[in-house]
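# Understanding the architecture of this molecule
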Amino acid sequence: MKQIDMQSVYQEIFPFWNEISDADRECICQNSHAVSFSKGEHIHDGNECSGVIFVRSGSLRLYMMSDDGKDITLYRLHEGDMCMLSASCVLEAITFEVLVDAEEDSECYVIGGPAFAAVSEQNPRIRIFALETAVSRFSDVMWVMQQILFMSMDQRLAIFLCDESARTGSDTITLTHGQIARYMGSAREVVSRMLKYFANEGMVEVSRGGIKILDKKRLRQLTR
């Protein structure tokens, strides 16, 4: 992508863009590139500085994995979202390993980590932005932990379905039981059993096309 295009893009994305020097803007643009990720592609393994990722379209999943291969979804990134945790060289205080996969075909902008780190060292506004972006995501992580530790499965599933419906603007959730289980940090069998219970209660309809919410009011009552 041409530099002039990146200048236009970053002017919309970064609140600090007009406050940094031409040389720093040029450095960021020259170390940026557009990348296409295929569904299921592994993007970041936690041991490298993959760079700052901005999602143009598609969906990415950030997760952690235990030594025995179990993983827990921390949050997902969609169009317009930015990932700072993939740039460990920018946020050296982040010492835990986060993995990133493409949940669907995705188009992203990637800024090289070393270049972004070098520029942020000279510009407190950039470093503050990076920290604020990362910290804002920790509220999502804490919400995941709160659900796993303190909420029942029916409450967690009701929250997930309501949130996904609100995000997509549709009452039909086009995700498999396995995908939902992965996002919730549960087992597919548990999710399927709970969805069957919801269906028997008339709250949802389960089919090969997805899960259709029939009684959103009752489903929301479970989230409280």
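Figured I'd write up the structure that's included with this text. (Residues numbered from 1 in each chain as written. Predicted model: local features only at pLDDT ≥ 70, side-chain atom pairs only at ≥ 80, totals over all residues. Heavy atoms only, no water.)

To continue, consider the pairing of strand S10 (residues 204-207). Relative to strand S11 (residues 210-213), S10 is paired through four bridges, and the arrangement is antiparallel. Pairing of Val 204 across the sheet is with Ile 213, part of S11. Linkage of S10 to S11, two consecutive antiparallel strands, is achieved through a turn of two residues. (Pairing = 2+ DSSP bridges. Helix = DSSP H or I, 4+ residues; strand = E, 2+ residues; numbered from the N terminus.)

Our next topic: the packing of aromatic side chains. Scanning the entire structure with this criterion turns up 10 aromatic pairs. Summarising the aromatic geometry, the rings of Phe 54 and Tyr 109 are spaced 6.2 Å apart at their centres and angled 10° between planes, so their arrangement reads as stacked. Of the two residues, Phe 54 is situated in strand S3 (residues 52-57) and Tyr 109 in strand S8 (residues 106-111); the sequence distance between them amounts to 55 residues. Looking at Phe 54, the relative accessible area reads 15%, which means it is buried. Overall, Tyr 109 belongs to the buried group, its relative accessible area being 8%. Grouped by ring-pair contacts, the aromatic residues Tyr 10, Phe 14, Phe 16, Trp 17, Phe 116 and Phe 129 constitute a single cluster. The ring of Tyr 63 has Arg 61 lying over it, and the distance from NZ or CZ to the ring centre is 4.1 Å. The ring of Tyr 183 carries Arg 76 above its face, with NZ or CZ at 3.9 Å from the centroid. (Phe/Tyr/Trp six-rings, centres within 6.5 Å; stacked < 30°, edge-to-face > 60°. Buried < 20%, exposed > 50% of the residue type's maximum accessible area, 1.4 Å probe, protein only. Lys NZ or Arg CZ within 6 Å of the ring centre and 35° of its normal.)

To continue, consider the side chain of Asp 101. As for its position among the elements, Asp 101 is in strand S7 (residues 99-102). A distance of 2.6 Å separates the side chain of Asp 101 from the side chain of His 42, its partner in a polar contact. The contact partners of Asp 101, leaving out residues within four places of it in the chain, are Glu 41, His 42, Ile 43, Ser 59, Leu 60, Arg 61 and Tyr 63. (Polar contact = N/O pair within 3.5 Å; in protein donor to acceptor, adjacent residues only side chain to side chain. Contact = heavy atoms within 4.5 Å.)

Moving on, we come to the sheet that holds strand S6 (residues 82-83). Read from one edge of the open sheet, four strands run S1-S8-S3-S6, paired in antiparallel fashion. With partners counted over all chains shown, the strands left at the sheet margins are strand S1 (32-37) and S6, one partner each. Judged from the two bridges that link them, S3 and S6 form a sheet pairing that is antiparallel. Of the residues in S6, the one forming a bridge with Phe 54 is Met 82.

For the rest of this paragraph, the subject is a nonpolar patch on the surface. A contiguous nonpolar patch, built from Ile 148, Leu 149 and Phe 150 and spanning about 340 Å² of accessible area, is present on the exposed surface. Within the element layout of this structure, Leu 149 appears in helix H4 (residues 124-150). Taking relative accessible area as the criterion, Leu 149 reaches 61% and is therefore assigned exposed. (Patch = residues over 30% accessible without salt bridge, like charges linked within 9 Å, V, L, I, M, F, W, Y side chains within 5 Å. Areas by Shrake-Rupley, 256 points an atom, 1.4 Å probe, with all protein chains shown as cover. Salt bridge = Lys/Arg side-chain N within 4 Å of Asp/Glu carboxyl O.)

With that settled, consider the environment of Arg 56. Tracing the chain through its elements places Arg 56 in strand S3. Sequence separation between Arg 56 and Ile 213 is 157 residues, and the spatial gap between their C-alpha atoms is 29 Å. Of the polar contacts made by the side chain of Arg 56, one reaches the side chain of Tyr 109; its length is 3.4 Å.

Another aspect to go through is the pairing of S7. Residue alternation in S7 divides its side chains into two sets, Leu 99 and Asp 101 and Val 100 and Ala 102, and both sets are buried. Here strand S2 (residues 42-44) runs beside S7; their pairing, made up of two bridges, is antiparallel. Each residue of the ladder has a partner; that of His 42, found in S7, is Asp 101. Relative to S7, strand S4 (residues 60-65) is paired through four bridges, and the arrangement is antiparallel. Within S7, the residue paired with Tyr 63 across the bridge is Leu 99.

All chains considered together, the criterion is met by 13 salt bridges. A salt bridge links Glu 19 to Arg 125; the nearest nitrogen and oxygen atoms lie 3.0 Å apart. In this pair, Glu 19 sits in the loop between helix H1 (3-13) and helix H2 (22-30) while Arg 125 sits in helix H4, placing the two residues 106 residues apart along the sequence. Judged by relative accessible area, which is 34%, Arg 125 ranks as partly exposed. As a salt-bridge pair, Arg 61 and Glu 103 come within 3.6 Å of each other at their nearest N and O atoms. You can see Arg 61 sitting in strand S4 and its partner Glu 103 sitting in the loop between S7 and S8, a full 42 residues away along the chain. No difference in accessibility class separates Arg 61 from Glu 103, as the two residues are buried. When salt bridges that share partners are traced, they join Arg 61, Asp 71, Glu 103 and Arg 182 into one network.

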